[in-house]
Amino acid sequence: IRVSALLLAAASARGHECGARREVVDLGANDGRGIAELEPLTADALLTAVTAFEMNPGFESILRGKLARFPGGELVQAAAWTHARGIDAELQLPGHLSAVRGGRNVGRPDNATGSSVVVGGVPLNARSKCGKAAWCSAGTRRAHVASVDLAAWLRARVCAADVLVVKLDIEGGEWELLAHVIEQG
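These numbers were taken from a predicted model, which means no experiment stands behind them.

**Q** Residues and numbers for the packing of helix H6 (residues 150-157) against helix H7 (residues 174-184), please.
**A** Where H6 contacts H7, the two axes come as close as 8 Å, and the packing angle between them is 50°. Considered as vectors, H6 and H7 are oriented oblique to each other. In terms of crossing hand, the pair formed by H6 and H7 is right-handed. For the pair H6 and H7, the contacting residues are Leu 150, Ala 151, Leu 154 and Arg 155 in the first and Leu 177, His 180, Val 181 and Gln 184 in the second. Considered class by class, the residues forming the contact of H6 with H7 number 5 nonpolar, 2 polar and 1 charged.

**Q** Provide a residue-level description of the environment of Arg 85, including the pertinent values.
**A** Its location among the elements puts Arg 85 in the loop between strand S4 (79-81) and strand S5 (87-92). The exposed category is assigned to Arg 85, whose relative accessible area is 66%. When the C-alpha positions of Arg 85 and Asp 149 are compared, they lie 8.6 Å apart, and in sequence the two are 64 residues distant. With sequence-adjacent residues up to four places away left out, Arg 85 is seen in contact with His 144 and Ser 147.

**Q** Quick one: what's the story with the confidence of the model for the protein chain, residue by residue and with numbers?
**A** Taken over all residues, the pLDDT of the protein chain has a mean of 78, while the share at 70 or more is 72%. Predicted confidence in the protein chain is weakest over helix H1 (residues 2-14), with a mean pLDDT of 41, and strongest over strand S11 (residues 147-149), with 97. Overall, residues 1-13 carries pLDDT values under 50, and its contacts beyond four positions in sequence, including any with other chains, amount to 3 contacts. Segment residues 96-100: pLDDT under 50, and 14 contacts once partners within four positions in sequence are set aside and those in other chains are kept.

**Q** Which residues make up the sheet that holds strand S2 (residues 49-53), and what values do they have?
**A** One open sheet holds the 4 strands; their spatial order is S3-S2-S1-S12, and the pairing between them is parallel. Because the sheet does not close on itself, it has two edges, and the strands there are strand S3 (73-76) and strand S12 (163-168). The mean inter-strand angle of the sheet, taken between neighbouring strand axes irrespective of direction, is 15°. In this structure, strand S1 (residues 22-27) lies alongside S12, joined through 6 bridges in parallel fashion. Bridge pairing links Val 24 to Val 165 in S12.

**Q** Please give an account of a nonpolar patch on the surface that cites residues and values.
**A** A cluster of nonpolar side chains, namely Trp 175, Leu 178 and Ile 182, defines an oily patch on the protein surface of about 410 Å² accessible area. By the secondary structure assignment, Ile 182 is in helix H7.

**Q** Got a sec to walk through the state of the cysteines? Specific residues and values, please.
**A** One pass over the structure, following the stated rule, counts 1 disulfide. In this model Cys 18 forms its disulfide with Cys 159; the gap between the sulfur atoms is 1.9 Å. On the sign convention where negative is left-handed, the bridge of Cys 18 and Cys 159, at about 110° about the S-S bond, is right-handed. Residue Cys 18 is located in the loop between H1 and S1, and its partner Cys 159 is located in the loop between H6 and S12; the two are separated by 141 residues in the primary sequence.

About the thresholds
- Residues numbered from 1 in each chain as written.
- Predicted model: local features only at pLDDT ≥ 70, side-chain atom pairs only at ≥ 80, totals over all residues.
- Heavy atoms only, no water.
- Axes fitted to C-alpha atoms, helices over the stretch in contact; angles between N-to-C directions.
- Helix = DSSP H or I, 4+ residues; strand = E, 2+ residues; numbered from the N terminus.
- Parallel < 35°, antiparallel > 145°, perpendicular 65-115°, else oblique.
- Left-handed = near helix turned anticlockwise from the far one by under 90°.
- Contact = heavy atoms within 4.5 Å.
- Nonpolar A, V, L, I, M, F, W, Y, C, P; charged D, E, K, R; others polar.
- Buried < 20%, exposed > 50% of the residue type's maximum accessible area, 1.4 Å probe, protein only.
- pLDDT = per-residue confidence, 0-100.
- Pairing = 2+ DSSP bridges.
- Patch = residues over 30% accessible without salt bridge, like charges linked within 9 Å, V, L, I, M, F, W, Y side chains within 5 Å.
- Areas by Shrake-Rupley, 256 points an atom, 1.4 Å probe, with all protein chains shown as cover.
- Salt bridge = Lys/Arg side-chain N within 4 Å of Asp/Glu carboxyl O.
- Disulfide = S-S within 2.5 Å.

Shown next, in the form of C-alpha cells:
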C-alpha cells in the first residue's frame, strides 16, 4: 500500500495518472518532419502528448506550427543533454531551398542537420558525413544554448506504466546521452 501511495503521489505531481501518458518525445526535432508523420495517431487518441526538443532557434516557428496540431504539443527550446547548465553548440543556419511542386517553385526551410553540441571545443558531429560536407551547411554559428538534463526530465515527467516513444537524433551526442540516462535510471 505504501508503494502504490507513493506512485499515486508521483503521478499527481506529474499532472497525470500513472499509466495514462502515451507520448512521443523527439530529441533533435530539427524542422519537425518526423513529428508531421505522427498526425494520424491523434485521430484515434493513441497519443496524449508530443514533445519536441530542438536547440536551434531557427526552427521555432515551424515546430510550434506542427506541434499545435497535437494534444499536449510542446516545444522544449534546449538541447537534451546530461546536465541543465547550458552547453556550447554549433548551430547550422537554416537556408532556403526551392522545391518544385505542381510545376511551381515553393520556398521551404532547409533541413539543418548540421547543428551539434560542442564538447571539448569540437562539435560532436565533426566526424560525420554531414559534419564534413559543404552541402550540409548553409553556414554555422557558435552559441551557448539552454540544456535539459534528460534523465531528470524523464523522472519528473513519466512513470514506469506510461508509454513513451523516443526518437533520438542529436548529431553525434547519442551515446553520451544514452549512457547518462541509463546511469541515472
